[in-house]
Amino acid sequence: MLLGIPDYGTFFVAALLIVLLPGPNSMFVVSEAARNGVRRGWAAALGVFVGDSVLMGLTFLGAASLLQGNPVVFSVVKYLGAAYLAWIGFRLVRAGIAAFGQQQPATAEETVAPPRRGGSFLTALVLSLLNPKAILFFVAFFVQFLRPDSARPLLDFLVLATTMQVLSMIYLGLLIVGGTALARGFSRHRRTSGGLTGLVGTVFVGFGVKLAAASL
């Protein structure tokens, strides 16, 4: 047992598997890295890190009880998150269609999209925060590995949260490396790159629809 955590080894394996599951955050990071380079990929990863840290902090402070006890609040956050996911998806689909229609090879400058308002960090941060299910998930997951009679509940929670965040950043770093490698491979194949961008955008729209249909 580590500190007040009864089975840290099991938590580590479970957290690793959860981090590896594909989701809108990880897909956005790899998309940013592939389309706009390493810096934008890391900016997106930092946005995810900050957003998840805020959600974990709210989890410890009891925000999950507020969401569970107030269906209206939950629904408002849920639909805002769904709309934001769909908006990102439509933008990616539009970018994919535009790239697919251009047959000339891309230059190094053309493979990097111009900066947009807010940047990759802010987009990823909002994407992470507008997910009420994440707070409920953190509560349901973390509580399995915390002892109610622990003398240091905050320290135990910080150990679990830090473990998950370290695993997440390592995974996102690998995605960034993979995304930039893909970008180099597709830089001279606009149609392939455009098709993949459109596919990612379609998946994001699907994430939005799924979130909107989710119940408390």
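Residues numbered from 1 in each chain as written. Predicted model: local features only at pLDDT ≥ 70, side-chain atom pairs only at ≥ 80, totals over all residues. Heavy atoms only, no water.

Per the secondary structure count, the chain includes 9 helices and 0 strands. For the chain, the succession of helices and strands along the chain, N to C, is α-α-α-α-α-α-α-α-α. For the chain, the proportion of its 216 residues judged to be buried stands at 40%. Contacts in the chain between residues at least 24 apart in sequence constitute 89% of all its contacts with a sequence separation of at least 6. Only carbon and sulfur atoms are counted for the fraction: they give 70% of the accessible area of the chain, which is about 11500 Å². (Helix = DSSP H or I, 4+ residues; strand = E, 2+ residues; numbered from the N terminus. Buried < 20%, exposed > 50% of the residue type's maximum accessible area, 1.4 Å probe, protein only. Contact = heavy atoms within 4.5 Å. Areas by Shrake-Rupley, 256 points an atom, 1.4 Å probe, with all protein chains shown as cover.)

A surface patch of nonpolar side chains, amounting to about 610 Å² of accessible area, comprises Val-54, Leu-58, Phe-60, Leu-61, Leu-129, Leu-154 and Leu-158. Those elements that place two or more of their residues in the nonpolar patch are helix H3 (38-61) and helix H8 (153-186). The element best represented in the nonpolar patch is H3, accounting for 4 residues. Looking at the element boundaries, Phe-60 is found in helix H3. (Patch = residues over 30% accessible without salt bridge, like charges linked within 9 Å, V, L, I, M, F, W, Y side chains within 5 Å. Salt bridge = Lys/Arg side-chain N within 4 Å of Asp/Glu carboxyl O.)

The next point concerns the packing of aromatic side chains. One pass over the structure, following the stated rule, counts 3 aromatic pairs. Taken together, a centroid distance of 6.5 Å and an interplanar angle of 45 degrees make the contact between Tyr-8 and Phe-12 tilted. Of the two residues, Tyr-8 and Phe-12 are both situated in helix H1 (residues 8-20); the distance of 4 residues between them amounts to about one turn of the helix. When the centroid spacing of 5.1 Å and the interplanar angle of 45 degrees are considered together, the rings of Phe-60 and Phe-157 count as tilted. Here Phe-157 lies in helix H8 and Phe-60 lies in helix H3, a separation of 97 residues in the sequence. When its relative accessible area of 36% is taken as the criterion, Phe-60 is described as partly exposed. The structure contains a cluster of three or more aromatic residues connected by ring pairs, namely Tyr-8, Phe-11 and Phe-12. (Phe/Tyr/Trp six-rings, centres within 6.5 Å; stacked < 30°, edge-to-face > 60°.)

Glancing now at the UniProt feature "transmembrane region" (unreviewed entry) in the chain. Taking the numbering used here, the UniProt-annotated feature "transmembrane region" (unreviewed entry) corresponds to residues 12-30, 42-67, 79-100, 121-145, 157-183 and 195-213. Span residues 12-30 is 84% helix and 0% strand, its end C-alpha atoms 24 Å apart. (UniProt positions renumbered as here; feature names shortened; annotations may be inferred.)

Here we take up H3. Over its 24 residues, H3 extends 35 Å from the first C-alpha to the last, a length consistent with the 34 Å expected when each residue adds 1.5 Å. In the stretch just after H3, Gly-62 is the one whose phi turns positive, near 100 degrees. (Expected span 1.5 Å × (residues − 1).)

Here we take up the nonpolar core. Counting residues in hydrophobic clusters, the biggest one holds 34 residues, and the most contacted among them are Phe-11, Val-29, Met-56, Phe-138, Phe-141, Phe-142 and Met-164. Secondary-structure elements contributing two or more residues to this core are H1, helix H2 (24-36), H3, helix H5 (71-100), helix H6 (119-129), helix H7 (132-142) and H8. With 10 residues, H8 is the single largest residue contributor to this core. Setting aside residues no more than four positions away along its own chain, Phe-141 makes contact with Phe-11, Ala-14, Ala-15, Ile-18 and Met-164. (Core = buried A, V, L, I, M, F, W, Y, C linked by side-chain atoms within 4.5 Å.)

Let us look at the environment of Val-209. The residue Val-209 is located in helix H9 (residues 190-213) in this model. Between the C-alpha atom of Val-209 and that of Leu-85, which follows or precedes it by 124 residues, the distance is 8.6 Å.

This part covers the packing of H2 against H6. Here H2 crosses H6 at 170 degrees, and the two axes come no closer than 10 Å. When the axes of H2 and H6 are compared, the pair comes out roughly antiparallel. In this structure, the crossing between H2 and H6 has a hand that is right-handed. Here Pro-24, Asn-25, Phe-28 and Glu-32 of H2 come into contact with H6, specifically with Ser-120, Thr-123, Ala-124, Leu-127 and Ser-128. Residues of the contact of H2 with H6, tallied by class, amount to 4 nonpolar, 4 polar and 1 charged. (Axes fitted to C-alpha atoms, helices over the stretch in contact; angles between N-to-C directions. Parallel < 35°, antiparallel > 145°, perpendicular 65-115°, else oblique. Left-handed = near helix turned anticlockwise from the far one by under 90°. Nonpolar A, V, L, I, M, F, W, Y, C, P; charged D, E, K, R; others polar.)

Within the structure shown, the criterion is met by 1 salt bridge. With a shortest N-O distance of 3.7 Å, Glu-32 and Arg-40 are connected by a salt bridge. A single burial state applies to Glu-32 and to Arg-40, both of which are buried.

Where H3 meets H6, the closest approach of the two axes is 7 Å, and the angle between their N-to-C directions is 30 degrees. One element, H3, and the other, H6, form an angle in the roughly parallel class. Relative to H6, H3 is oriented so that their crossing is right-handed. Contact residues: H3 offers Arg-40, Ala-43, Ala-44, Leu-46, Gly-47, Val-48, Val-50, Gly-51, Asp-52, Val-54 and Leu-55, while H6 offers Ser-120, Phe-121, Ala-124, Leu-125, Ser-128 and Leu-129.

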